[in-house]
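Coordinate analysis (summary)
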Amino acid sequence: MPPATPAPLRFASGRNAPATLTDRPADASSRRAALVMVALSTGVFLGLAPLAALPLAPAAWFIPLFQSVLIINDLVTAALLFGQLRLTRDKAVLVLASGYVFAAVMASVHLLSFPDVFARTGIVGGGAQTTGYLHVLWHMGMPLAVIAYAVLRGRAAPLAAPAGRAIVRALLVVLGLAAACTLLTTLGNDLLPPMLAGIHYSSAFNIGRYGAWVVTALALAVLWQRRGPHSVLDLWLMVMLCTTFFEIALVSIFNAGRYDLGFYAGRVYSTIASSVVLVMLLGEHWKIYRDLAAAQETARSEAALRESREVLSLAMHGGRMAAWTRDLAHKTTWWSPEVQELTGWPAAALGGSDAFIFERVHPADRVVLRGMMDAAAVSEEELAVEFRLRHADGSWRWLEARCQAIRDEEGGATRLFGVAADITVQKQSAQATAELEARFRALADGMPQLAWMARPDGWVYWYNRRWYEYTGTTLQEVEGWGWRRVHDPEVLPAVVEQIRRSFDTGETFEMVFPLRAADGGFRPFLTRMTPLKDAEGQVLAWFGTNTDISQQHAEEEALRTADRRKDEFLATLAHELRNPLAPIRNAVELMKRAGALPPLVTRSRDILDRQSRHLARLVDDLLEVSRITQGKLMLHKEKVSLQDCVHDAVNAARPALEAAGHHLELHSHADPLLAHADTTRITQAVVNLVNNAAKFTPRGGHITVSSWREGQHACISVADTGIGIPAEHLAGIFGMFSQVASARERSHGGLGIGLALVRGFVELHGGSVQAQSEGAGRGSKFTIRLPLLAGGVQRPEQPVEERDRTTQPRRVLVVDDNEDAANSLASLLAHDGHDVRVAHSGEEGLRIAFELEPEIVLLDLGMPGMNGLEVARALRARVGRDVRLIAVTGWGQARDRELTREAGFDFHLTKPVDRDELEQLLLAGAPPGTGRGDVAAHPKH
């Protein structure tokens, strides 16, 4: 199948202009130039023809000069046509270009054969007739090529082979034909009839010269008849044939031979004419490429315009926009296709007027829209208006129209150009934002706190109503950094420094500082400021609140006052309870030493003993809990064996267990369970658990005390078969004053603080306590976990305490305003062999002390007149350290101990005094020691 014929190359412009010499029509300027060329040629020919036979001197140099120019012109023209061939692929152009190559080759051979130029008989050899025959063949080749061009133009099929390959084939054919002509005129020189007789033409030459002349005229006629002068190539080919026709006439027809006027003039004439024709063809070629460049630029502009239109259309589609123009003279309106997305109707349905649109504009917006369009016609600025339009689906849409007038050279408005955009979503968002802002402001104005907002740099731009009501300021006064005017000047520098740090770092701000009210007074406010950030973490704004905490401060102060009063009450309660307990305990001790007593008295004594001890323990527990809750309880930790603490606790609780008829089972581990702990507090915790089990277990119950190691922790558990704990009470069983209902129904007494003490003591040691029970009537189990010391399990060495119980009489002074307490204690001490004196006031005690010079003074603190502290100071000032001062008082708080230490006391004992402790202090040479519970010993000053 033959290849498809390529379409002729054309400019990418609206004119669809040809882009080759064979298709480009000759414009008026080209036709004028061709006519001028033909007219000049005709004039020159008519002027030279009569003188053509005029003989002139031979000039051998003229031939190379003349024919070199012709050869160059022909080759350049051939190259130009071969270049056109790559665009047109036209066989006619290939034949024409080959004709120019043939002419150039034959001109070259003719030059080389011309006698007396390069050699006497020419370089190519031959004879006297070679040059003449070569001249005839040379001048006949080009006209024949033009005839073939004219015949093939528009009729022959395009080249099937690539242009380069076709050109190579044509050149080979041309060179072969030229070689054949050269061989014919050189080797066959003797066989051809003679054309020259010396330097003059013979009659045989007439056939050749007239033949070339006729063929040239025939080529001109064929080109004129078959093509018509409608292409620039045709036009200048005809000019070339005319000049060739005149050249042949001067050189071969009207002259007489070589070296006459016609010989020279014809060659000069043809050289000039061929050069002019070549220049004109090059000019036409330049015009083609100029137009091509312009067409390419136009194509690029059109492509850019199309791309811009596509981008604009895409942008308008994405932005829900449409363009429109209104011709003010003809009152017609044009809409872009995107209008269908805005209105629901295609652009064609809107018609050429704006009536269709105005009918669907909201009645309240028509006047505004029309006014904007009328104003735009007289204004030089862009105008905009928002209006509502009924969409094709029946809904109202918000549109924004913008337009500007296009004016003529005189400044009059000719058209309005504008765009319309659907802003329904923006309107809805703005409305939603406005509603949210209104709600926010209503919420912010209704909140009790002062509220405000600031820009990322800290510039405050909004305050709520509560701020203005409290401070009595206006926005103009406190905008930006004006809020500083309502701050306390002494606190303001610290506030500014900290809030600037938050603005710089983006961290939340929190601080308490006073703010001045409208009446001039200051109140404390808790101020918090939080950053509002975007998805990237950038601060968009700051929101802050000032919360009035004056009421909270007052309540806190009230709580502190109540707590202080509670401590004072507990201390006073303990003091008032201990004072009557002291003589009761002393009386019980005296009764124990009285020997055999009637059974009724003995039972009564034991009742008094148990109940007074129980009452003393309740007072101690109450004070211990108070100290724990306030964090004032001090531990005296040392390396101890928890197994020893368990055994001591069981021994301490054994009388209660035996009295209740319980069976005790003790499971101890060989491991001493060494810990860094306060022996007294741990023992007390275990005692509380065992007593609690004994209290809430029916008579004859079973109580198990176990201790073991779990990793680096010691576990101590107390399990019973008692009343159990309901599941709903397990979580709060360790709370202060916690008692389950079934427990309160039993008349065992107690304040419900024993388990709270256990938890407090254990947690102060870094441990934990847990309660377990399967429910009411199923018993309970309490487990303590305490951290152990790392290392071995060797039991700590216990110092051997040699207690000399032999009583060494002491001179003792008892000073107490409570006569029962003083007299009963004096009776006990006298029973033990001491020399005892009693005083019932501070002044009396001080007088007796100066007279008796006692070794030990047991001194009460709270006495009317001169109290115990004042007495102690007076004694220290008088006798120095020669007397041992022991405070015996119902006051046992930490502050009380500190006061006795400062006053010069050696020991601080709380009532009722522990008999063993007092005995130890009274023993001869007994060093100061520590007492039980809340009894504190002071080292000597």
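Sequence order as written defines residue numbering, which begins from 1 separately in each chain. Reporting of local features is limited, given that this is a predicted model, to residues whose pLDDT is at least 70; pairs of side-chain atoms are given and counted only at 80 or more, and all residues count toward the totals for whole chains, interfaces and linings. Hydrogen atoms and water are omitted, and side-chain values are computed over all heavy atoms in the structure.

Per an unreviewed UniProt entry, the protein chain is named histidine kinase, and its organism is Ramlibacter cellulosilyticus. We quote the UniProt Catalytic activity (unreviewed entry) comment for the protein chain here in full: "ATP + protein L-histidine = ADP + protein N-phospho-L-histidine." UniProt positions are given in the numbering used here, feature names are shortened, and annotations may be inferred rather than shown by experiment.

All right, on to the overall build of the protein chain then. Across its full length, the protein chain holds 28 helices and 25 strands. The contact rule is simple, with two residues in contact once any of their heavy atoms fall within 4.5 Å. Pairs at least 24 residues apart make up 64% of the contacts formed inside the protein chain by residues separated by at least 6 positions. The protein chains shown are the only cover counted for residues, whose accessible areas, like all others here, come from Shrake-Rupley with a 1.4 Å probe. Accessible surface, the protein chain as shown: approximately 46,600 Å² in total, 58% of it carbon and sulfur. Strands are runs of DSSP state E lasting at least 2 residues, helices are runs of H or I lasting at least 4, and numbering of each runs from the N terminus.

Taken together, the side chains of L51, L54 and L56 present a nonpolar region at the surface, about 260 Å² in accessible area. Among the structural elements, L56 can be located in the loop between α1 (28-48) and α2 (62-88). A relative accessible area of 38% means that L56 is categorised as partly exposed. For patches, a residue must show more than 30% relative accessible area and have no salt bridge; joins then use 9 Å for like charges and 5 Å for nonpolar side chains, namely Val, Leu, Ile, Met, Phe, Trp and Tyr. Should a side-chain nitrogen of Lys or Arg be within 4 Å of a carboxyl oxygen of Asp or Glu, the pair is scored as a salt bridge. Categorising residues by exposure relies on relative accessible area from a 1.4 Å probe, with only protein chains included: less than 20% of the type maximum marks a residue as buried, more than 50% marks it as exposed, and the intermediate range marks it as partly exposed.

Turning next to the sheet that holds strand β18 (residues 768-772). The pairing of strands in a sheet happens through backbone hydrogen bonds and is either parallel or antiparallel. Reading across from one edge, β14-β16-β17-β19-β18 is the order of the 5 strands in this open sheet, with mixed pairing throughout. Across the chains shown, the open sheet's two edge strands, defined by having one partner strand only, are β14 (663-667) and β18. Strand-to-strand twist across the sheet, computed as the mean angle between neighbouring axes with direction ignored, equals 15°. The rule for pairing is simple: two strands pair if DSSP sees at least two bridges between them. Relative to strand β19 (residues 780-787), strand β17 (residues 713-720) runs antiparallel, the two being bridged by 8 bridges. Bridge pairing in β19 places H713 opposite P787. Against the sheet, helix α19 (residues 642-659) makes contact with β14, β16 (702-710), β17 and β19, and its axis sits at roughly 175° relative to β14, the strand it touches most. Throughout, an axis means a line fitted to C-alpha atoms (over the contacting stretch in the case of helices), and angles, computed between N-to-C directions, take values from 0 to 180 degrees. Helix-sheet contacts for helix α20 (residues 679-695) involve β16, β17 and β19, and the interaxial angle to β17 is about 20°.

Turning our eyes to something else, we now look at the sheet that holds strand β6 (residues 396-407). Taken together, 5 strands build an open sheet; the order of strands is β4-β3-β7-β6-β5 and the sheet is antiparallel. The open sheet terminates on both sides in strands that have one partner only, identified here as β4 (332-335) and β5 (383-390). Each strand of the sheet is rotated relative to its neighbour by a mean of 25°, with strand direction disregarded. Contacting β3 (321-327), β5, β6 and β7 (413-422), helix α12 (residues 363-378) crosses the sheet at an angle of about 150° to β5.

This part takes up helix α24 (residues 819-831). By definition here, a helix of n residues has an expected span of 1.5 Å times n minus one. With 13 residues, α24 extends 18 Å between its outermost C-alpha atoms, agreeing within 8% with the 18 Å of an ideal straight helix rising 1.5 Å per residue. Among the residues of α24, A821, A822, S824, L825, A826, L828 and L829 are the ones counted as buried. Contacts described as polar in this section are N or O atom pairs within 3.5 Å, which, within protein, must combine one atom able to donate a hydrogen with one able to accept it, while residues neighboring in sequence count only if both atoms come from side chains. The N-terminus of α24 is capped by N818, whose side-chain oxygen sits 3.2 Å from the backbone nitrogen of D820. Taken from the residues just after α24, G833 is the one with a positive phi, measuring 100°.

As a further point, take the confidence of the model for the protein chain. Detailed reading of the predicted coordinates is not advisable wherever pLDDT falls low. Along the chain, pLDDT gives the predictor's confidence residue by residue, from 0 to 100. Overall, the predicted model of the protein chain reaches an average pLDDT of 79, with 83% of residues at or above 70. Across residues 741-749, where pLDDT falls below 50, the model places 11 contacts with residues more than four positions away in sequence or in other chains. In this model residues 925-941 is a low-confidence stretch, pLDDT under 50, and it forms 48 contacts with partners more than four residues away in sequence or in other chains.

We now examine the pairing of β7. Here 7 bridges tie β3 to β7, and the two strands are oriented antiparallel to one another. Directly across from D327, in β7, lies its bridge partner R415. Two successive antiparallel strands, β6 and β7, enclose a turn made up of 5 residues, where G411 displays a positive phi of approximately 90°.

Turning our eyes to something else, we now look at unusual backbone geometry. Note that the residue after K911, namely P912, is joined by a cis bond; omega there is -10°. Take P912: it is sitting in the loop between β24 (907-910) and α28 (915-922). A positive phi is found at K331, a non-glycine position, where the angle reads about 60°. Topologically, K331 is positioned in the loop between β3 and β4. At E853, a residue that is not glycine, the phi angle is positive and equals roughly 50°. Within the secondary structure, E853 sits in the loop between α25 (842-852) and β22 (856-859).

With 6 of its 8 residues buried, α28 lies for the most part within the structure. Taken as a whole, α28 has its buried residues at R915, E917, L918, E919, L921 and L922.

Topologically, R485 is positioned in the loop between α15 (475-478) and α16 (492-505). Spatially, the C-alpha atom of R485 lies 8.6 Å from that of R516, the residues being 31 residues apart in sequence. Apart from residues no more than four positions distant in its own chain, R485 is found in contact with E477, V478 and R516.

Right, let's get into the pairing of strand β21 (residues 835-839). Two strands pair when backbone bridges link them, and strand β20 (residues 811-815) and β21 are joined in this way by 5 bridges, in the parallel orientation. Across the sheet, the residue bridging to R811 is D835, located in β21.

A word on the side chain of S336. Considering the arrangement of structural elements, one finds S336 in the loop between β4 and α9 (339-343). Of note is the side chain of S336, whose polar atom sits 2.9 Å from the side chain of E338.

Pairing between side chains becomes possible if they bear opposite charge and their charged atoms approach one another. Evaluated as defined, the whole model comprises 25 salt bridges. With a shortest N-O distance of 3.5 Å, E400 and R402 are connected by a salt bridge. In this structure R402 comes out as partly exposed when scored by relative accessible area, which is 34%. Between R560 and E557 there is a salt bridge, with the nearest N and O atoms lying 2.8 Å from each other. With R560 and E557 both in helix α17 (residues 550-592) and 3 residues apart, the pair spans about one turn of that helix. Taking the relative accessible area as the measure of exposure, R560 reaches 45% and is therefore partly exposed. Residue classification places E557 among the partly exposed positions, given a relative accessible area of 38%. A single network of salt bridges, built from pairs that share partners, joins R326, D354 and R370.

Right, let's talk about the packing of aromatic side chains for a bit. To describe a pair of aromatic rings, you give the distance between the ring centres and the angle between the ring planes. Between the rings of Phe, Tyr and Trp (Trp by its six-membered ring), a pair exists once the centres lie within 6.5 Å; its type follows the angle of the planes, with under 30 degrees stacked, over 60 edge-to-face, and the other angles tilted. In the structure shown here, the tally under the stated rule is 8 aromatic pairs. Consider the rings of F503 and W542, whose centres lie 5.4 Å apart with planes at 75°: the pair is edge-to-face. Of this pair, F503 sits in helix α16 while W542 sits in strand β12 (residues 539-548); the two residues are 39 residues apart in sequence, bridging distant segments of the chain. Accessibility assignment for this pair places F503 and W542 in one class, buried. Among the aromatic residues, those joined into a cluster by ring pairs are W481, W483, F503 and W542. Charges are assigned to positions over rings by a cutoff of 6 Å between ring centre and Lys NZ or Arg CZ, combined with an angular limit of 35 degrees from the ring normal. Here the basic side chain of R360 rests over the ring of W345, its NZ or CZ set 4.7 Å away from the ring centre. Stacked on the ring of W481, the Lys or Arg R500 has its end atom at 4.3 Å from the ring centre.

Here we come to the environment of T900. With respect to the helices and strands, T900 occurs in helix α27 (residues 894-903). Taking the C-alpha atoms as reference points, T900 and A872, separated by 28 residues in sequence, lie 8.5 Å from one another.

Closest axis-to-axis distance for the α25/helix α26 (residues 868-879) pair is 10 Å, and the angle between their directions is 20°. Relative to α26, α25 is oriented roughly parallel. Where α25 crosses over α26, the handedness of that crossing is right-handed. Counting all contacts with α25, which are made through G842, L846, A849 and F850, the residues of α26 involved are V871, A874, L875 and R878. Polar here means any residue outside two lists: the nonpolar Ala, Val, Leu, Ile, Met, Phe, Trp, Tyr, Cys and Pro, and the charged Asp, Glu, Lys and Arg; Gly therefore counts as polar. Residue composition of the contact of α25 with α26, by class: 6 nonpolar, 1 polar and 1 charged. Oblique is the label for every angle not falling under 35 degrees (roughly parallel), over 145 degrees (roughly antiparallel), or within 65 to 115 degrees (roughly perpendicular). Crossing chirality is assigned from the near helix's rotation relative to the far helix, an anticlockwise turn below a right angle marking it left-handed and a clockwise turn marking it right-handed.

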